[in-house]
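Close look at the chain arrangement
Here is how the chains run, residue by residue.
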Amino acid sequence: MVRVMSFAATILTLYPDMFPGPLGQSIAGRALIEGKWALEAVNIRDFATDKHRTVDDTPAGGGAGMVLRADVVAAALDSVADDRPIIAMTPRGSPLTQARVRALAGGTGAIILCGRFEGFDERLFEARAIEQVSIGDYILSGGEMGALVLLDACIRLLPGVMGAPSSGDDESFESGLLEYPQYTRPAEWEGRTIPEVLRSGDHAKISAWRKSMAETDTRLRRPDLWERHDGARVKSPSGARRQTKEE
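The sections below set out a description of the structure shown in this document. (Residues numbered from 1 in each chain as written. Predicted model: local features only at pLDDT ≥ 70, side-chain atom pairs only at ≥ 80, totals over all residues. Heavy atoms only, no water.)

Some remarks on helix H1 (residues 26-33)
- What H1 keeps buried is the set Ala28, Gly29 and Ala31. For H1, the buried positions fall inside an angular range of 165° around the axis, keeping them on one side. Facing away from the buried side of H1 by over 90 degrees, the exposed positions are Ser26 and Ile33.
- Tucked inside the fold, the buried residues of H1 contact helix H5 (144-155).
- Gly35, located one to two residues past H1, shows a positive phi value of around 80°. (Buried < 20%, exposed > 50% of the residue type's maximum accessible area, 1.4 Å probe, protein only. Helix = DSSP H or I, 4+ residues; strand = E, 2+ residues; numbered from the N terminus. Arc of directions from axis to C-beta. Contact = heavy atoms within 4.5 Å.)

What follows is the structure, encoded as structure tokens:
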């Protein structure tokens, strides 16, 4: 009997040897060996039609660099397409969020396109249902590193990968906030001690402290996240003023 994988990733890339890369180590690597997810790397160059195996050409209208050809990439994509979402890693995409990661981890996997050079011929996105995703406002040499980031974020959420089902519940971004500060033994290090509340054994006080610290750190370090958080309007002075005027 053939075992059906719950999460399968297919990577379309010019550099298939980059996979599994770091995904072959630690919890992702163990999960791969144990069959909790599957990985396939497909070389886009195998779908070129000329003797030089050409996958790119000069930009229409002029300019520096090269552009991945729509016909070659589409042929590679069509060879593996099924009901999984197709994601292109590109700086022009929507920012990757923990909510999107959770949705992907809850599905059957993804087909991931890794861009190179100046990116993809735009007609590829007009002709195929492809979600464009970015991992940040900076430029990498290609989409492979972004694909590794996306997959690592998904794999750790798969059943049985992290161990206890609740392991990821309190992490940064899960509730829209950064995670609260963490401490462990020794109780004192270089004159610095673990906050007394965390040693009190009072779970209600510990929970309240962690919530307060998560809110404070998010407000100070990531005001963009704080402004989107449900409690920001009520708890910030500016939010309170707005609420008073509305009343």
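Some remarks on the packing of helix H3 (residues 98-105) against H5
- Between H3 and H5, the least distance of the axes is 8 Å, while the angle of their chain directions is 70°. On the basis of their axis angle, the class for H3 and H5 is roughly perpendicular. Regarding H3 and H5, the two cross each other, and that crossing is right-handed. Where H3 abuts H5, its residues Val101, Leu104 and Ala105 lie against Leu150, Ala153 and Cys154.
- Looking at the contact of H3 with H5 residue by residue, the classes come out as six nonpolar, no polar and no charged. (Axes fitted to C-alpha atoms, helices over the stretch in contact; angles between N-to-C directions. Parallel < 35°, antiparallel > 145°, perpendicular 65-115°, else oblique. Left-handed = near helix turned anticlockwise from the far one by under 90°. Nonpolar A, V, L, I, M, F, W, Y, C, P; charged D, E, K, R; others polar.)

A short note on the packing of aromatic side chains
- In total, this model carries one aromatic pair according to the counting rule given.
- With a centroid separation of 5.7 Å and an interplanar angle of 80°, the aromatic rings of Phe120 and Phe125 are classed as edge-to-face.
- For Phe120, a relative accessible area of 11% translates into the label buried. (Phe/Tyr/Trp six-rings, centres within 6.5 Å; stacked < 30°, edge-to-face > 60°.)

Overview of the environment of Glu215
- Within the fold, Glu215 resides in helix H6 (residues 203-221).
- Judged by its relative accessible area of 12%, Glu215 falls in the buried class.
- Here the alpha-carbon distance between Glu215 and Leu177, two residues 38 residues apart in the chain, equals 6.5 Å.

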